[in-house]
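Fold and contact review
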Amino acid sequence: AKSQGKNRYVVHTSELLDAMLDDYMLEVDLRRALEKNEFVLHYQPQINNETGQLIGFEALIRWQHPTLGQIPPDKFIKLAEENGMITQIGEWVIDEACTQNKKWQDAGMTPVKVSVNLSTQQFLTRNLITYMEEVLERTGINPAYVVVEITEYMAMEYEYSIHVLEQLKALGIGISIDDFGTGYSSLNYLKNFPIDYIKIDKSFVSEIMNNEQDAVIIKAIISLAHNLHKEVIAEGVETKEQLEFLKTHQCDISQGYFFSKPLPVDEIERIYLDQ
Ligand code: C2E
Ligand code: CA
Ligand code: CA
Ligand code: CA
């Protein structure tokens, strides 16, 4: 039995096992990352297309791993969702982003909004509203300067989602639908959910200039959103041509490398604190 086990081991000593080990190690590290203060938020500017003014920042998490260096969210958010850590990490994000935005306002920066990404699991957590209330109170941030970004997947829990969104709304927080057009799309929720912003996914934006169909879709989203009294944010704006197209078609807000990549706090302060 022993040698058989050994053989089996040899057979499975493969990239698969390596990958499993890597995942396992990463998960062990992830469990300690919060207490070891290894997460940071970077902030990406959002610009009003009409005035060119800064209107907000999207907060995007990064993990400063002690040996692997900076790990992007795509590499660990899914893991955190699977092992249930996403709620704690997500709470840290809300706290950190609100605390930081209040600090900037107290330091004299022109007040702007901060947007945080909520995972579906976090959105469906029972104490999200209680936690939000607590952070608003503790940090003293005006809720008019806080936005949550949710994805279309939360619409699958239809009744409950409306309930949560209405409570967030009642707190005075803004609500944005992220990655619009890529997920579980139902025009029904645009009508029934108290949403303030629709974010056009960067996969559409990147094709505006070379794919007539994507251009048509963007124009339709913008006009639909405006008819429902919602503002439109385009993400992943990388070129002047894309920006001009979006401006021509009355898109309200732009975000992307054309203006700035997501930046750490010290760089945001260097650029925006004295304006
Ligand atoms: P997302 O919410 O759709 O965020 C936009 C992503 O596009 C970010 O990647 C951003 O850095 C990137 N991006 C911004 N401008 C451009 C551009 O002009 N071109 C291109 N190609 N990309 C651009 P990032 O920071 O790696 O985040 C990836 C995803 O991870 C996010 O996608 C979001 O779903 C998730 N994420 C990030 N932070 C958090 C968080 O605090 N909580 C949760 N639950 N998810 C997060
Ligand atoms: Ca987002
Ligand atoms: Ca997106
Ligand atoms: Ca996304």
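Note: the structure precedes this text.
Residues numbered from 1 in each chain as written. Chains lettered and ligands numbered in written order. Predicted model: local features only at pLDDT ≥ 70, side-chain atom pairs only at ≥ 80, totals over all residues. Heavy atoms only, no water.

1. Concerning the site of ligand 1
Going by this rule: Distances are taken per atom, and a residue is near a molecule or strand as soon as one of its heavy atoms is within 4 Å of it. In protein, a polar contact requires one atom able to donate a hydrogen and another able to accept it; more generally it is a pair of N or O atoms within 3.5 Å, and residues adjacent in sequence count only if both atoms are side-chain atoms. Here the open area of atoms and residues is found with the Shrake-Rupley method and a 1.4 Å probe, where only the protein chains shown may cover a residue.
What surrounds ligand 1 is a group of 21 residues, the closest being Gln44, Arg62, Asp178, Glu238 and Tyr257. Here a nitrogen atom of ligand 1 and a side-chain polar atom of glutamine 44 are 3.0 Å apart. One of the side-chain nitrogen or oxygen atoms of glutamate 58 is found 3.3 Å away from an oxygen atom of ligand 1. Isolated, ligand 1 exposes 790 Å² of accessible area, and the fraction of that covered by the protein chains is 83%.

2. So, the pattern of salt bridges
It is possible for side chains of opposite charge to pair when their charged atoms get near one another. Heads up, the condition is: Each reported salt bridge corresponds to a side-chain nitrogen of Lys or Arg within 4 Å of a carboxyl oxygen of Asp or Glu. Put simply, DSSP H or I for four residues or longer makes a helix, DSSP E for two residues or longer makes a strand, and each gets a number counted from the N terminus. Relative accessibility under 20% of the residue-type maximum defines a buried residue, over 50% an exposed one, and the middle range a partly exposed one, all with a 1.4 Å probe and only protein chains included.
Across all of its chains, the model carries 11 salt bridges by this definition. Aspartate 106 is the salt-bridge partner of lysine 102, the closest N and O atoms lying 2.9 Å from each other. Of this pair, lysine 102 and aspartate 106 both sit in helix H4 (residues 86–106), four residues apart, which is roughly one turn of the helix. The class for aspartate 106 is exposed, based on a relative accessible area of 55%. Each of Glu58, Glu149 and Lys199 takes part in salt bridges that share partners, so that together they form one network.

3. Overview of the packing of aromatic side chains
As a reminder of what qualifies: When the centres of two rings from Phe, Tyr and Trp lie within 6.5 Å, Trp using its six-membered ring, the rings pair. Their planes under 30 degrees apart give stacked, over 60 give edge-to-face, and anything left gives tilted. When the NZ atom of lysine or the CZ atom of arginine is within 6 Å of a ring's centre and also within 35 degrees of its normal, the charge is said to sit over that ring.
Counted by the stated rule, this structure contains 11 aromatic pairs. Between the aromatic rings of phenylalanine 258 and phenylalanine 259, the centroid separation amounts to 5.3 Å while the plane-to-plane angle is 80 degrees, which identifies the pairing as edge-to-face. Given a relative accessible area of 30%, phenylalanine 259 falls into the partly exposed group. A connected cluster of aromatic rings, assembled from ring pairs, spans Phe39, Trp63, Phe76 and Trp92. Here the basic side chain of arginine 126 rests over the ring of tyrosine 160, its NZ or CZ set 4.3 Å away from the ring centre.

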